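Structure assessment
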Protein chains: 2
Amino acid sequence: MRRFFMLMCLVCLGLAGRVHASEVTSPNGEMKLTFTLRDSKPYYSVSFRGKPVIKPSRLGYELHNAESLLEGFTQTGEKTSTFDETWTPVWGENKTIRNHYKELLVGLIQEKTGRVMNLRFRVYDEGVGLRYEFPQEGSKLNYFVVKEECTEFALTGDHIAWWIPGDYDTQEYEYSRSRLSEIRPLFKKKVTDNASQTSFSETGVQTSLQLKTDDGLYINLHEAALVNYPAMHLNLDDKNMVFRSWLTPDAQGIKGYLQTPCQSPWRTIMITDDARKVLSSHLILNLNEPCKIKDTSWIHPTKYVGVWWEMISGKGDWAYTSQFPSVKLGITDYAKAKPSGRHSANNENVRRYIDFAAQHGFGGVLVEGWNIGWEDWFGNSKEYVFDFQTPYPDFDIKALNEYAHSKGVKLIMHHETSSSIMNYEKHMDRAYQLMKDYGYDAVKSGYVGNLIPRGEHHYSQIAINHYQHAIERAADYKIMVNAHEAVRPTGLCRTYPNLIGNESARGTEYQAFGGITPGHTAILPFTRLQGGPMDYTPGIFEMQCSNGSRANSTIGGQLALYVTMYSPLQMAADFPENYEKHLDAFQFIKDVALDWDKSIYLEAEPMEYITAARKAKGSSSWFVGSVTGLKPHNSTLRLDFLDKGKTYVATVYADAPDADYKTNPQAYTITKGLVTAKSVLKLHSVAGGGYAISIVEAKDTKGLKPLK
Amino acid sequence: MRRFFMLMCLVCLGLAGRVHASEVTSPNGEMKLTFTLRDSKPYYSVSFRGKPVIKPSRLGYELHNAESLLEGFTQTGEKTSTFDETWTPVWGENKTIRNHYKELLVGLIQEKTGRVMNLRFRVYDEGVGLRYEFPQEGSKLNYFVVKEECTEFALTGDHIAWWIPGDYDTQEYEYSRSRLSEIRPLFKKKVTDNASQTSFSETGVQTSLQLKTDDGLYINLHEAALVNYPAMHLNLDDKNMVFRSWLTPDAQGIKGYLQTPCQSPWRTIMITDDARKVLSSHLILNLNEPCKIKDTSWIHPTKYVGVWWEMISGKGDWAYTSQFPSVKLGITDYAKAKPSGRHSANNENVRRYIDFAAQHGFGGVLVEGWNIGWEDWFGNSKEYVFDFQTPYPDFDIKALNEYAHSKGVKLIMHHETSSSIMNYEKHMDRAYQLMKDYGYDAVKSGYVGNLIPRGEHHYSQIAINHYQHAIERAADYKIMVNAHEAVRPTGLCRTYPNLIGNESARGTEYQAFGGITPGHTAILPFTRLQGGPMDYTPGIFEMQCSNGSRANSTIGGQLALYVTMYSPLQMAADFPENYEKHLDAFQFIKDVALDWDKSIYLEAEPMEYITAARKAKGSSSWFVGSVTGLKPHNSTLRLDFLDKGKTYVATVYADAPDADYKTNPQAYTITKGLVTAKSVLKLHSVAGGGYAISIVEAKDTKGLKPLK
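All residue numbers here refer to positions counted from 1 along the written sequence of the relevant chain. Chain letters start at A and ligand numbers start at 1, both assigned in the order the entries are written. Selection of residues for local features in this predicted model requires a pLDDT of at least 70, selection of side-chain atom pairs for listing and counting requires 80 or more, and totals for whole chains, interfaces and linings are taken over all residues. To obtain the side-chain values, all non-hydrogen atoms of the structure were included, while hydrogens and water were left out.

1. A short note on the overall build of chain A
In terms of helices and strands, chain A carries 13 helices and 37 strands. A globule of 708 residues ought to have a C-alpha radius of gyration of about 27 Å, and chain A, at 26 Å, matches this closely. Counting only C-alpha atoms, chain A reaches 75 × 70 × 50 Å along its principal axes. By definition, residues are in contact when any of their heavy atoms lie within 4.5 Å. Looking at chain A alone, contacts between residues at least 24 apart form 72% of all its contacts between residues at least 6 apart. Element-wise, carbon and sulfur atoms account for 49% of the exposed surface of chain A, whose accessible area totals about 24000 Å². Runs of H or I in DSSP of at least four residues are treated as helices and runs of E of at least two as strands, each being numbered from the N terminus. A radius of gyration in this sense is built from C-alpha atoms; the matching globule rule multiplies 2.2 Å by the number of residues raised to 0.38. Residue exposure ignores everything except the shown protein chains as possible cover, and the areas themselves are Shrake-Rupley values with a 1.4 Å probe.

Written as structure tokens, this is what we have:
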């Protein structure tokens, strides 16, 4: 209703003309957005501190079987407003978040067709959000089909970019740092193998895309609030350095099906001269809708262990048997199958993990491979691949849940869908109900392999709607969702905080698939994590995998990730027996908090280093983490964020001087001492390493000396 | 297991050679099937009473991204066997059904690839079933993708065919009677408009296809047990008069995704010199698997009335309001909407139907348009079109169900999906649960418009799997399913007898869409009904529709349909007020049974006339129906099927001599008299008309005279 009223006001203003420019600046005046209608075509541009950052860039749509929404527009009005609100996330990096922007709403009508396309711009101190809005009232647009969204991001030069290849089906690539002009020559080499992948252009890249200009500006392009719309990629015109939106198509090559009143997701442009501000920004969350779940009491951050790294690293299997060339659920008789002896999700092993979790204070135990169907679970375009209900013969779902609950631990459910989303939807209610029946309250879902319905993609509108359905339906059952291989998040966890995690990037598993180049975890917070937390599954202490792969990291670096990779869901991914060899270092994982009152980014440069400090929610304790890329890093940490006048005990878990991510990854030092807000710590991280610090208000300082 | 064993036997036999012929004849010896491997290519042929009917015809597959399964085969063995069993359907035309055939199983291996493709032929006295079987053991075939099934049906001449255009999305066409050679020139004209339609070839036709040779043989081609496979069309090579299978593709143009062990549906060829035998045959049912539902006590034939013809004929609407240009479920506020005043599914009107049903002994009242979303329900490629749960403001689901139950009547649920099968699957469990909560035990589902997932078709494998899922999941909830616009049935109601109806052809609604040409109901039992009952919704007494259309039928002809169109689900489709004007004729609809101990087809010629007699289950009463096509028909009915020595009261509802389906459709006569097994009745039907007779064992013959 409010929207209709606003539109009517716009229409009443009745502004029109060949060229018209409208401006809006950020609250602090440094960011300026200009909207222009030039020869009836809509453009926008953005400047920061008076310097152009986004040059005049086209806006509009090509439609399927209908005249485009690119030109022929008249401006019907404009409205500026200011918004300033502080909200409290259910969980997050900070106790409260300020949402402060100036807004410009531009009314446009395509006179010839009577179709209305309004543009809403929100300008923050650190960036801009813009979206298309299609009202129903007063417009001749009702249902329409998108051939392409034509949003441009015209850059001012051949910037540095940290990019991964544009792909309709995966984001599990390593990041490349290159000039924009180098994307094309590098592209093919950067498309490494994945179980499902579809690139579309040799200058196509994904969002969130991190850029840096030669004069030191950090630009980040992404989207916020991706709902009922295909995910956006960016395709570079590398002659003119203009990115254009490139939506993910459906099986017929069509991009989107829209019905008024509706809007596009927000297209976001973050601009700052301080890399740390990219990390501390809440632009994406702020552009999402407030929480839609009324009772959120059941949503809780969780630290967990699990039967997962065994399979990933080659020690065990998801499958129960190696006897069947293929499986038909309901027909294949597992009771008669010969176990392979490699099935990790067996009663005894799961009990071992439950015991370990209980002993060390972990809330959850993830068990993958508990349910029948893993013998031929992907790569076969098999529709009915899992039923999400029937355990393997050696997984006693009732007894194991009872055992876990008796020890104060919850099992975490696993729903690998093999990307057969039609099959998952057929079984979803039963699957969620089974979880409730046995007392699971969180599920890790997976979308490995090509999508079914066949020809659709992981980031097509129909898949976006599936992920959204899974989240909303889970909320009906009070279930938390951690979706892997789903679309990269766009801040929807604000609206649906039961979306406690996503993968949607190259995660720790790639340490067991040949290793991850150091620096990966120093770019992810700039890119993938902009949209929401990642279930990165850190904590590898034994770098040598059974399958021969080696993790490129140090124990110090692994500990740091619990702070630098913000997530309300944190796994200690390694085996209990590997932690038991290093219980002193493991103590940090046990101690580190999951939810925070305050987060500060102390140092940051994409792919090189990130140092973060976070204050635990409802506590005076702080935790610091620092990761490095391919170069060693020296930190000079001023602990001036600590409460003045208080004395704290700091425990520093650092790379030993002789640590080396390739040859000596388990070399760490643990130093304990007293610190205050006046302390300055000098710390060294090796390449591919890092450090972690717990800082706890001192109750007993006996025998402790100040740290230097 | 048994299959594996059989295969091993075949392999052991180790037959091989350049040309090898195998034969099997029907139990009575009249039907003969010959299998030949010629130049390593498999062929079959069929003869009837020594005359070739199907000439040597190729068998095999083209595969996607793999070598074809068309040649290079060696015969590994063969096995013949005889089967003779009598089974009892949960409901049906006969109390018991005999399944008597001789079988030939041919083992084939493609030496070069090690892939096994066995062929199973079942030869009945009235026809042949053949299917491909792909074992897993001993074969190098596991997962495979079908480009095309290459089954041929090589005919002996330019036969007469009763055909409808081949189409991936609809069977709602009128039948044409023409020579095979005339299909191509007639084709385009025969593709009449439908909400979703996709023809593929100007000589493509659908099954069940009825043919007649110049020497009087009736040939019928269809398929049985269509499960996890796309529906088959037939494409005619009209130079050589060879039909080839043409499967329905998916969104990518691929036809099927198979996993061994598996088999194709049965391809059926019925051959007889007596048209009545086509109608009385149970070939299709016999080729389906036995009932898989253990407790069938909740499945019951039902006679029903409903709020449906009001909307179809233009008196009312499904939609509640005409105020909204489009609807978004969960956002559009119906409470504030202005009712159009044309919404038929309102409390008062539904109560009226409940009262009428209770008064006249109907078990069900179907209510369409009860749930929100109908304002823009099809043609918009809208994914979330219905929630199947939220009633319109003027439909009190609780009160109406309570009212119905208090009167001994059940409401029948309606789930129009608008072909958004992904949306239906998302809501299916909730929708079925809501039915149970309110005491519904049957659902009419609908699939109008283009399929979502977009690009898939109504008869694609993914849609077949959806319909199957809906049936099986409904059985879990003890719900009976009557699916409209779904794939035409293939006898699956034997296996899942909760599939109590289907539409999948031009039904009575087309009487309100311009009228149906007489003869339609005299071809449907030969074609569409071969696979299972049709919810034809007969019983129109007032031929003039509010929308200006006229039904091409007489009241006599309408009554006949309750016998000639076998269905365990029979609607009296017209308005209560129209029946109240003709309560004497309506009496037949009230009296006629729904389930039968015995069915006899007395007269039949495709599209011209069908006369059937059926004995009510567990009763001595018989019911006779006769429909005619475009020509009047005179029947000489020998009632020798009646119990000898018994006297019955027959009530004959016939076209009056001056009845005319165009100008005088409501002219009927009702004659009551005594009959015995020796009676011979001479009856006249006008064009587009018919008659119906109830024959009840006489308790009181007072005042009644023998009928002549």
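Moving on from the coordinates now.
2. Looking at the relation of the copies chain A and chain B
Alignment of copies: least-squares fit on C-alpha atoms of residues with pLDDT of at least 70 in both copies. Of the transformation placing chain A onto chain B, the axial shift is 0.0 Å and the rotation is 180°, giving an RMSD of 0.0 Å. Given the turn and translation reported, the copies of this chain are related as if by a two-fold rotation axis.

3. What about the UniProt feature "domain: Glycosyl-hydrolase 97 N-terminal" (unreviewed entry) in chain A?
UniProt positions are given in the numbering used here, feature names are shortened, and annotations may be inferred rather than shown by experiment. When the UniProt feature table is mapped onto this chain numbering, "domain: Glycosyl-hydrolase 97 N-terminal" (unreviewed entry) sits at residues 24–290 of chain A. End-to-end, the C-alpha atoms of residues 24–290 of chain A are 24 Å apart, and along that stretch the chain is 7% helix and 49% strand.

4. Quick look at the interface of chain A and chain B
At the junction of the two partners, chain A supplies 36 residues and chain B supplies 37 residues. Buried area: the sum, over both parts, of the accessible surface (1.4 Å probe) that disappears when the two are put together. For the pair chain A and chain B, the two sides together bury roughly 3200 Å², of which 52% comes from carbon and sulfur. Three residues, Tyr143, Lys426 and Arg454 of chain A, lead the burial of chain A against chain B; their summed loss comes to 20% of the area buried on that side. Note on definitions: salt bridges are taken to be side-chain nitrogens of Lys or Arg within 4 Å of carboxyl oxygens of Asp or Glu. Here chain A and chain B share two salt bridges between them. Among the salt bridges present, the one from Lys426 of chain B reaches Glu425 of chain A, with a minimum N-O distance of 3.0 Å. Any pair of N or O atoms that falls within 3.5 Å is considered a polar contact. Within protein, one atom must be able to donate a hydrogen and the other to accept it, and sequence-neighbouring residues count only if both atoms are side-chain atoms. Seen at the junction of chain A and chain B, the total is 22 residue pairs in polar contact (both at pLDDT 80 or more). For the side of chain A that touches chain B, the secondary-structure elements that each account for two or more residues are β20 (256–259), α8 (421–438) and α9 (461–476) of chain A. Of the residues forming the side of chain A that touches chain B, the biggest block, six residues, is contributed by α8 of chain A. Taken together, the residues that form the side of chain A that touches chain B break down as twelve nonpolar, eleven polar and 13 charged. All amino acids are sorted into three groups, where Ala, Val, Leu, Ile, Met, Phe, Trp, Tyr, Cys and Pro are nonpolar, Asp, Glu, Lys and Arg are charged, and the leftover types, Gly among them, are polar.

5. Some remarks on the domain arrangement of chain A
Residues and elements named next belong to chain A. An automatic or database domain assignment supplies the residue ranges for each domain. Each assigned domain of chain A is listed with its residue range as follows: domain 1 (18–285) and domain 2 (300–695). Taken together, the 61 residues of domain 1 in the interface contact 63 residues of domain 2. Between domain 1 and domain 2, roughly 5000 Å² of surface is buried when both sides are summed, and carbon and sulfur atoms account for 54% of that area. Considering only the side of domain 1, the residues that lose the most area to domain 2 are Trp91, Glu172 and Leu279, jointly responsible for 17% of the buried surface there. Our enumeration of links across domain 1 and domain 2 arrives at four salt bridges. Put simply, Glu93 and Arg614 hold a salt bridge, and the shortest N to O gap is 2.5 Å. Here domain 1 is connected to domain 2 by 43 residue pairs in polar contact (both at pLDDT 80 or more). Every element with two or more residues in the side of domain 1 that touches domain 2 is listed here: β6 (73–87), β16 (209–212), β17 (218–224), β18 (232–237), β20, α3 (275–280) and α4 (283–286). Each residue belonging to the side of domain 1 that touches domain 2 can be placed in one class, and the counts come to 28 nonpolar, 20 polar and 13 charged.

6. Re the packing of helix α6 (residues 347–360) of chain B against helix α7 (residues 397–406) of chain B
All names here are of chain B. Axes here refer to lines fitted to C-alpha atoms; in helices the fit is confined to the stretch in contact. Angles between the N-to-C directions go from 0 to 180 degrees. Their axes nearest at 10 Å, the elements α6 and α7 cross at an angle of 15°. In terms of their interaxial angle, α6 and α7 are classed as roughly parallel. The way α6 lies across α7 gives a crossing that is right-handed. Counted together, Asn347, Val350, Arg351, Ile354 and Asp355 of α6 and Ala399, Leu400, Tyr403 and Ala404 of α7 form the full contact between these two elements. Of the residues in the contact of α6 with α7, the class split is six nonpolar, one polar and two charged. Relative orientations are named as follows: roughly parallel for angles under 35 degrees, roughly antiparallel for angles over 145 degrees, roughly perpendicular for angles from 65 to 115 degrees, and oblique for any other angle. Here a crossing is called left-handed whenever its near helix is offset anticlockwise from the far helix by less than a right angle, and right-handed whenever the offset is clockwise.

7. Quick look at the confidence of the model for chain A
Residues and elements named next belong to chain A. Residue-level confidence of the predictor is summarised by pLDDT, bounded by 0 at the bottom and 100 at the top. Within chain A, residue pLDDT values average 96, and 97% of them lie at 70 or more. Low confidence marks residues 1–17, where pLDDT is under 50. Its contacts with residues over four positions away, or in another chain, come to 33 contacts. Both scores are given for the predicted complex: the pTM is 0.96, the ipTM 0.94.

8. Digging into unusual backbone geometry
Residue Pro261 of chain B is bonded to the preceding Thr260 of chain B through a cis peptide linkage, with omega at -5°. Relative to the assigned elements, Pro261 of chain B resides in the loop between β20 (256–259) and β21 (262–263). In this chain, Ile452 of chain B is followed by Pro453 of chain B through a cis amide linkage whose omega measures 25°. As for its placement among the helices and strands, Pro453 of chain B is situated in the loop between β26 (442–446) and α9 (461–476). Although it is not a glycine, Met607 of chain A sits at a positive phi angle of roughly 70°. In this structure, Met607 of chain A sits in the loop between β30 (596–605) and β31 (609–616). Phi at Arg49 of chain B is positive, roughly 50°, even though this residue is not glycine.

9. Quick look at the pattern of salt bridges
Residue and element names in this part refer to chain B. Per the stated rule, a full pass over the model turns up 86 salt bridges over all chains. Note that Asp238 and Arg184 form a salt bridge whose closest N and O atoms lie 3.0 Å from each other. Placement of the pair is Asp238 in the loop between β18 (232–237) and β19 (242–247) and Arg184 in helix α2 (residues 183–190), with a sequence separation of 54 residues. Taking the relative accessible area as the measure of exposure, Arg184 reaches 40% and is therefore partly exposed. For Lys407, the salt bridge is made with Asp355, and the minimal N-O distance between the two is 3.1 Å. Taken together, the positions of Lys407 in the loop between α7 and β25 (410–416) and Asp355 in helix α6 put the pair 52 residues apart, joining distant regions of the chain. Owing to a relative accessible area of 38%, Lys407 belongs among the partly exposed residues under this scheme. Here's how the labels work: a residue is buried when its accessible area is under 20% of the maximum for its type, exposed when over 50%, partly exposed in between, all with a 1.4 Å probe on protein chains only.

10. Side note on the packing of aromatic side chains
The pairing test for Phe, Tyr and Trp rings, Trp by its six-membered ring, is centres within 6.5 Å, and the orientation test on the planes gives stacked under 30 degrees, edge-to-face over 60, and tilted for anything in between. Counted by the stated rule, this structure contains 70 aromatic pairs over all chains. Pairing Tyr447 of chain A with Tyr467 of chain A gives two aromatic rings, centres 5.0 Å apart and planes at 80°, and the pair type is edge-to-face. Placement of the pair is Tyr447 of chain A in the loop between β26 (442–446) and α9 and Tyr467 of chain A in helix α9, with a sequence separation of 20 residues. Per residue, the accessibility class of Tyr447 of chain A equals that of Tyr467 of chain A, and both read buried. Here Phe356 of chain B and Tyr579 of chain B contribute two aromatic rings whose centre-to-centre distance is 6.1 Å and whose plane-to-plane angle is 15°, an arrangement assigned as stacked.

11. Comments concerning the side chain of Gln110 of chain A
Locating Gln110 of chain A in the fold gives a position in strand β7 (residues 97–110). Those residues in contact with Gln110 of chain A that sit more than four places away from it in its chain are Glu67, Ser68, Leu69, Glu71, Gly72, Phe73 and Arg115 of chain A.

12. A word on the side chain of Asn482 of chain A
All names here are of chain A. The residue Asn482 is located in strand β27 (residues 480–484) in this model. In terms of polar contacts, Asn482 uses its side chain to reach the side chain of His484, at 3.4 Å. Non-local contacts of Asn482, meaning those with residues more than four positions away in its chain, are made with Tyr304, Val443, Lys444, Ser445, Gly501, Asn502, Asp535 and Leu569.

13. As for the pairing of strand β37 (residues 690–697) of chain A
Residues and elements named next belong to chain A. For β37, a buried count of six out of eight residues is recorded, marking the element as mostly surrounded by other parts of the structure. Here, strands pair whenever DSSP counts at least two bridges between them. The pairing of strand β34 (residues 648–655) with β37 spans seven bridges and is antiparallel. Across the sheet, the residue bridging to Ala654 is Tyr691, located in β37.

14. A short note on the sheet that holds strand β32 (residues 622–628) of chain A
Residues and elements named next belong to chain A. With respect to topology, six strands assemble into an open sheet ordered β30-β31-β32-β37-β34-β35, the strand pairing being antiparallel. Every other strand in the sheet has two partners, leaving β30 and β35 (668–675) as the edge strands with one partner each. In this sheet, adjacent strand axes meet at a mean angle of 15° when their direction is disregarded. Sheet analysis places β30 next to β31, joined by eight bridges and oriented antiparallel. Looking at the pairing, Ser599 lines up with Arg614 of β31. Contacting β30, β31, β32, β34, β35 and β37, helix α11 (residues 555–564) crosses the sheet at an angle of about 125° to β32. Where helix α13 (residues 583–591) meets the sheet, its contacts fall on β32, β34, β35 and β37, and the angle it forms with β34 comes to roughly 120°.

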